[in-house]
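Structural characterization, general
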Amino acid sequence: MLEGGAKLLNEGCPQVSPRWPRGSAARPMDLVAALGCACAGLVALALLTVAQRLGLLYRLCHKVDTASPRHGGELVAEVLRAHGVRFLFTLPGGHISPVLVACEKIGLRVVDTRHEATAVFAADAVSRLSGRIGVAAVTAGPGVTNAVTAVKNAQMAESPLLLLGGAAASLQKGRGALQDIPQVPLFRTLCKSALSVRTVRDIVPTLRRAIATAMEGTPGPVFVELPIDVLYPFHVVQKELGGSKTPRGLRGKLIRWYLGNYLQNLFAGAWEPRDLTPLPLRIPRATPEQVQRCSELLSRAVRPLVLVGSQALLPPTPAEELRSALLSLGVPCYLGGAARGLLPPECPLLLRQNRRDALRDADLVLLAGTVCDFRLSYGRLFGRGTAVVAANRDRAQLLRNADVFWKPRLAVHGDPASFVVALARSLQGFSCPREWLERLREAEREKEQRNRDKATVPPPCHLNPLALLQALDQVLPPESLLVADGGDFVATAAYIVRPRRPLAWLDPGPFGTLGVGGGFALGAKLCRPEAEVWVLYGDGSLGFSLMEFDTFVRHKVPVIALVGNDAGWTQISREQLPMLGSAVGCGLSYSDYHAVAAALGGRGFVLDSAGDTGGDPGDVGDRLVAVLKAAQAECHRGHPVLVNALLGRSDFREGSISV
């Protein structure tokens, strides 16, 4: 049987022989057959690929509901609601109208601003304060490019947000459509992810993945492009596709078939039920061995110090739990960025002055989400032999400049808040040496007394900024929230004004962006309607978002803007003039910004050394407090308020850097 089977095989199949008889035609015939099989396979593969790209295979099992009035904007709104989104910030445009209408229809509050950057800044503030994703939607082209700076600021601040960008229809990209530019490549270096939705059925999974990407690991912004044809209903898109004349003959038939197929693929399976719930998030955490190692280092330290950065306030660890851990450790702390206010103002562990000296003298420094960038002089502030323990979700930030100016004794690639909480649990009963804490407290008291003394020195004209900020600190209620948007005035405020609670201070972060004030205040007040929101503006930074008083009035968002008006870009001129001999470009005017706010429907006050407009001379401190309280009263009546405080020159920040 074996011989018979072999014979049949030999007779039925061509055999490849190592030696071919001369003149035989068998070898070319076999090569032709093999090439034919290969070509047929390649053609079949190519056809399957084309069919897949055209959606022909998908449509074998998923149909198109041509009569449905639904549109892609509804899917966007449903995903946002499922992720706990309450606000959508926008500047409207035709490319994104279905999203805005659908969000309003299901109860999301749509808040339109006067600039796209403000919309993104507001979404950023919501993310930082609520722990949920903040969302902004902008129209195609210039709407998207206007948002670039705000998105970069969120990236640098490690703030999760979702930017939805309108776009030309996919078929029209690169063909001169209105406001059509390559938007996704623009955002690839600014975002953790930049995606474009190609069909209606892709809206839900794309948004779910984008939101998870923004919030997990080291948080940051994501960009999702929504072409106009995935947002509007079938009959609208069909009308647009069939509205233009097509050539006659075979070419016309091919074009009509292609457009029809494109439309069918666009809406195939669009309204099938899909999971809308949030995806699980992956957050790096310290190992038990790393916690134990840090416990050993801290227990041996006699001059320990903790620096807490904004990253430590990220979810999932509640701010109250982190505060309890810091109080349990009993180690003196400096709080930076969003961490300001984590400890109450009267807490003996809280330090704000003399940080450079404290870092030099400490024998152990724990960097909980703090980065060795320009804010820590790139790591050059640590004393010789200081043991540095760094915890950060981002590996690059964790070791920033470690190969140049400093070297960590322990580097923890993980969430800093949960690391501090675990550290406190492992060190129950630990007590920081009292002598070290008293030494730091004494230096703190001396520096603050010098500041109080400087506040009593009147400038040649107008107000002393220290006196103004001390008056503000005096009137702030427990439920207050401070937004910092400026240079010299805001940097001074950071040493004087004390946030009253966790997550009660919003500043742009390491990018140092001017113009965040209007958007941050808008998002903050909507997130925390019970809080008294103050925006600390420099007169330079105010110019970026002064028109948002119109937004505050229209949307009934009562906030208070305190403008430190010193008629110049003082943080720049302070160095530019003595170093280069000219203050060119640094001059502004003592403009009537309060009048602009009033013209837009708000309330305006002006503060000068003679008091409010028309006021009688008297004690400056009392008049400052009186005007600030009057501003608070107007705000509580539901009016946005601007206090235009005319400032004189101060040497408080002499020697400070602006670059």
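Looking now at the sheet that holds strand β3 (residues 134-138). The sheet built from six strands is open, its strands ordered β2-β1-β3-β4-β6-β5 with parallel pairing. Strands at the two margins of the open sheet, each flanked by one partner only, are β2 (109-112) and β5 (193-196). Direction aside, neighbouring strands of the sheet carry axes that sit 20° apart on average. Direction of pairing for β3 relative to strand β4 (residues 161-167): parallel, over a ladder of five bridges. Its bridge partner lying in β4, Gly134 is registered against Leu161.

This next bit is on the packing of aromatic side chains. The final tally for this structure, using the stated rule, is six aromatic pairs. Ring centres of Phe121 and Phe520 lie 5.9 Å apart, and the angle between their planes is 90°; on these two criteria the pair is classed as edge-to-face. Of this pair, Phe121 sits in helix α5 (residues 116-130) while Phe520 sits in helix α20 (residues 517-527); the two residues are 399 residues apart in sequence, bridging distant segments of the chain. In this structure, Phe121 and Phe520 share a single accessibility class: buried. Seen from their ring centres, Phe187 and Phe223 are 4.4 Å apart, and the 20° between their planes marks the pair as stacked. Separated by 36 residues along the polypeptide, Phe187 in helix α8 (residues 183-187) and Phe223 in strand β6 (residues 221-227) bring together distant segments of the chain. Residue classification places Phe223 among the buried residues on the basis of a relative accessible area of 0%. Of note, Arg340 hangs over the ring of Trp505, and the distance from its end group to the ring centre comes to 5.1 Å. Lying across the ring of Phe405, Arg380 places its NZ or CZ 4.7 Å from the centre.

So, about unusual backbone geometry. Following Pro315, the chain continues to Pro316 via a peptide bond in cis, the omega torsion being 15°. Of note, the phi angle at Leu503 is positive, near 55°, even though the residue is not glycine. Within the element layout of this structure, Leu503 appears in the loop between α19 (488-496) and β14 (505-506). One non-glycine residue with positive phi stands out, namely Lys556, at about 55°. Judged by its relative accessible area of 68%, Lys556 is exposed.

Of all the five residues making up strand β7 (residues 304-308), five are buried; the element is thus mostly covered by neighbouring parts of the structure. Across the two faces of β7 the burial is the same, with Pro304, Val306 and Val308 and Leu305 and Leu307 all buried. Note: β7 against strand β10 (residues 364-368), five bridges, orientation parallel. Looking at the pairing, Val308 lines up with Ala368 of β10. Judged from the three bridges that link them, β7 and strand β8 (residues 333-335) form a sheet pairing that is parallel. Each residue of the ladder has a partner; that of Val308, found in β8, is Leu335. Running through helix α13 (residues 319-329), the crossover from β7 to the neighbouring parallel element β8 is right-handed.

This part covers the nonpolar core. If you look at the biggest cluster of nonpolar residues, it comprises 114 residues, and the most contacted ones within it are Phe89, Leu163, Phe187, Leu305, Leu326, Leu367 and Leu642. With nine residues, the single largest contributor to this core is α5.

This brings us to the side chain of Arg201. The topology assignment puts Arg201 in the loop between β5 and α9 (203-215). Here Arg201 sits buried without a salt bridge, and the closest side chain of opposite charge, Asp202, lies 4.6 Å off (N-O distance). A polar contact is formed between the side chain of Arg201 and the backbone oxygen of Asn265, at a distance of 2.7 Å. Here Ala268 takes part through its backbone oxygen, which lies 3.2 Å from a polar atom of the side chain of Arg201.

Time to look at the environment of Pro529. Considering the arrangement of structural elements, one finds Pro529 in the loop between α20 and β15 (532-538). Judged by its relative accessible area of 54%, Pro529 falls in the exposed class. Along the primary structure Pro529 and Ala417 are separated by 112 residues, whereas in three dimensions their C-alpha atoms are 27 Å apart.

What the six strands build is an open sheet, ordered β9-β8-β7-β10-β11-β12; its pairing is parallel. The open sheet has two free edges, formed respectively by β9 (350-351) and β12 (410-413), since each of these has just one partner strand. Pairing analysis gives two bridges linking β8 to β9, with the strands arranged parallel. Of the residues in β9, the one forming a bridge with Tyr334 is Leu351.

Its place among the elements puts Ser545 in helix α21 (residues 539-545). A relative accessible area of 2% means that Ser545 is categorised as buried. At 3.2 Å, the side chain of Ser545 forms a polar contact with the backbone nitrogen of Gly518. Contact partners of Ser545, with chain neighbours within four places excluded, come to Asp485, Gly515, Gly517, Gly518 and Tyr537.

What counts as what
Residues numbered from 1 in each chain as written. Predicted model: local features only at pLDDT ≥ 70, side-chain atom pairs only at ≥ 80, totals over all residues. Heavy atoms only, no water. Pairing = 2+ DSSP bridges. Helix = DSSP H or I, 4+ residues; strand = E, 2+ residues; numbered from the N terminus. Axes fitted to C-alpha atoms, helices over the stretch in contact; angles between N-to-C directions. Phe/Tyr/Trp six-rings, centres within 6.5 Å; stacked < 30°, edge-to-face > 60°. Buried < 20%, exposed > 50% of the residue type's maximum accessible area, 1.4 Å probe, protein only. Lys NZ or Arg CZ within 6 Å of the ring centre and 35° of its normal. Right-handed = clockwise from strand over helix to strand, strands pointing away. Core = buried A, V, L, I, M, F, W, Y, C linked by side-chain atoms within 4.5 Å. Lys, Arg positive; Asp, Glu negative; His and termini not counted. Salt bridge = Lys/Arg side-chain N within 4 Å of Asp/Glu carboxyl O. Polar contact = N/O pair within 3.5 Å; in protein donor to acceptor, adjacent residues only side chain to side chain. Contact = heavy atoms within 4.5 Å.

All quantities given are derived from atomic positions and should not be read as evidence of function.
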